[in-house]
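Listed below, chain by chain, are the residues.
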Amino acid sequence: MKADANAVVRFPQGKRKALIMSYDDGSEHDRQLVATLNAYGLRATFNLNSGRLGMPHHIARDEVQALYQGHEVAAHGVNHLDLTTLSNEEIDREVIEDQKALADLVGAPVRGLAYPFGGYDERVIGRLAVLDLAYGRTAHATGRFGLPDRPLALACSCHHNQALELGERFLNDDTGEMALLHVWGHSFEFDGFLSADPRKDWGYLEAFCRLVQGHPDVYYATTVDVLDYLTAARGLMGWSGTGQLRNEAQRSVWLSHAGRLLEVLPGEALDPMDALPAD
Ligand SMILES: [Zn+2]
């Protein structure tokens, strides 16, 4: 493996940008949302309350696996309780039992969580760290495209009420830095239910999907995909070019160097003595 200090990390296949879409509560409107996303080749994360599955206007247990195939299912608390109001033991139960029930339904580990009501504080974050959650998604909107620095207080770029506006800015971003657009919301809002802006309906979702889909420089992924990749890449980010550095992750990390793309395979080492010629 040849590289030097001028190499910069990119998303998989050398893409510079990534899109995360994250939707909460598992309402029946998820069916139309998933159909729309699938039609545009987009992937999302669905944060579900296992205790509400099968209730009126919610997704049924027995449709979870097939409906969300190809997307990520994450926890949102068994009963959608504000975790900041619970004891440590109650937090553990709301999170662990939700993870376990959802994992049983999808047949795969459930590693992330969206905070019910967006409620979190340092004590809650501490419990999630003990429970080894991969991330805790907040409802905080930054209006920016920076990479997450604290997965258990994961901020978003915007609520989907702002998705078209932010989406255009994201696609026009030409800073050369890695950029992440992270949109969150609820599928029932597209149906005008509890929507802050009823014009942001299914047509608005379609317009957003048309805008963001099919760009060769965008990595379309779930929340846990992006965070896993960034964890793998972190060891190679900011590499000074001195001392050998190995990709310790189980997955490839992509670097861009002088216009060339380098795939660092799992276990492969970067050796500064073996630097690429400048070109
Ligand atoms: Zn919710």
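As shown above, the structure is provided for reference.
Residues numbered from 1 in each chain as written. Predicted model: local features only at pLDDT ≥ 70, side-chain atom pairs only at ≥ 80, totals over all residues.

1. Some thoughts on the overall build of the protein
- Scanning the protein from N- to C-terminus turns up seven helices and 14 strands.
- Scaling as 2.2 N^0.38, a compact globule of 279 residues should have a C-alpha radius of gyration of about 19 Å, and the protein matches this with 20 Å.
- Counting the 279 residues in the protein, one finds 39% classified as buried.
- Pairs at least 24 residues apart make up 65% of the contacts formed inside the protein by residues separated by at least 6 positions. (Helix = DSSP H or I, 4+ residues; strand = E, 2+ residues; numbered from the N terminus. Rg over C-alpha atoms; globule rule 2.2 N^0.38 Å. Buried ≥ 20, exposed ≤ 12 C-beta atoms within 10 Å, placed from the backbone. Contact = placed C-beta atoms within 7 Å.)

2. Regarding the environment of Asp 201
- With respect to the helices and strands, the residue Asp 201 is situated in the loop between β9 (179–185) and α6 (202–212).
- A sequence separation of 11 residues divides Asp 201 from Phe 190, and the C-alpha atoms of the two residues are 4.1 Å apart.
- Beyond its immediate chain neighbours, meaning those up to four positions away, Asp 201 contacts Phe 190 and Gly 192.

3. Overview of the packing of helix α5 (residues 163–172) against α6
- Remark: α5 packs on α6, axes separated minimally by 10 Å, with the N-to-C direction vectors making an angle of 10 degrees. For the element pair α5 / α6, the angle class is roughly parallel. Where α5 approaches α6, its residues Ala 163, Leu 164, Gly 167 and Glu 168 are matched on the opposing element by Tyr 204, Ala 207, Phe 208, Leu 211 and Val 212.
- Looking at the contact of α5 with α6, its residues break down into seven nonpolar, one polar and one charged. (Axes fitted to C-alpha atoms, helices over the stretch in contact; angles between N-to-C directions. Parallel < 35°, antiparallel > 145°, perpendicular 65-115°, else oblique. Nonpolar A, V, L, I, M, F, W, Y, C, P; charged D, E, K, R; others polar.)

4. Details of helix α7 (residues 223–234)
- When the terminal C-alpha atoms of α7 are compared, their 16 Å separation across 12 residues agrees well with the 16 Å that a helix rising 1.5 Å per residue should span.
- Turning to α7, its buried residues number three or more, namely Thr 223, Val 224, Val 226, Leu 227, Tyr 229, Leu 230, Ala 232 and Ala 233. (Expected span 1.5 Å × (residues − 1).)

5. A few points about the pairing of strand β4 (residues 72–75)
- Of the two faces of β4, the one holding Glu 72 and Ala 74 and the one holding Val 73 and Ala 75 are both buried throughout.
- Pairing of strand β3 (residues 45–48) with β4 involves four bridges; the strand directions are parallel. Residue pairing for β4: Asn 47 is matched across the bridge by Ala 74. (Pairing = 2+ DSSP bridges.)

6. Focus on the sheet that holds strand β1 (residues 8–10)
- With antiparallel pairing, the three strands of this open sheet are ordered in space as β1-β12-β13. Looking at which strands have only one partner, the edges of the open sheet turn out to be β1 and β13 (260–264). With strand direction ignored, the average angle separating the axes of adjacent strands in the sheet is 40 degrees.
- Sheet topology note: the β1/strand β12 (residues 253–257) ladder contains three bridges and is antiparallel. Bridging across to β12, Arg 10 finds its partner in Trp 254.

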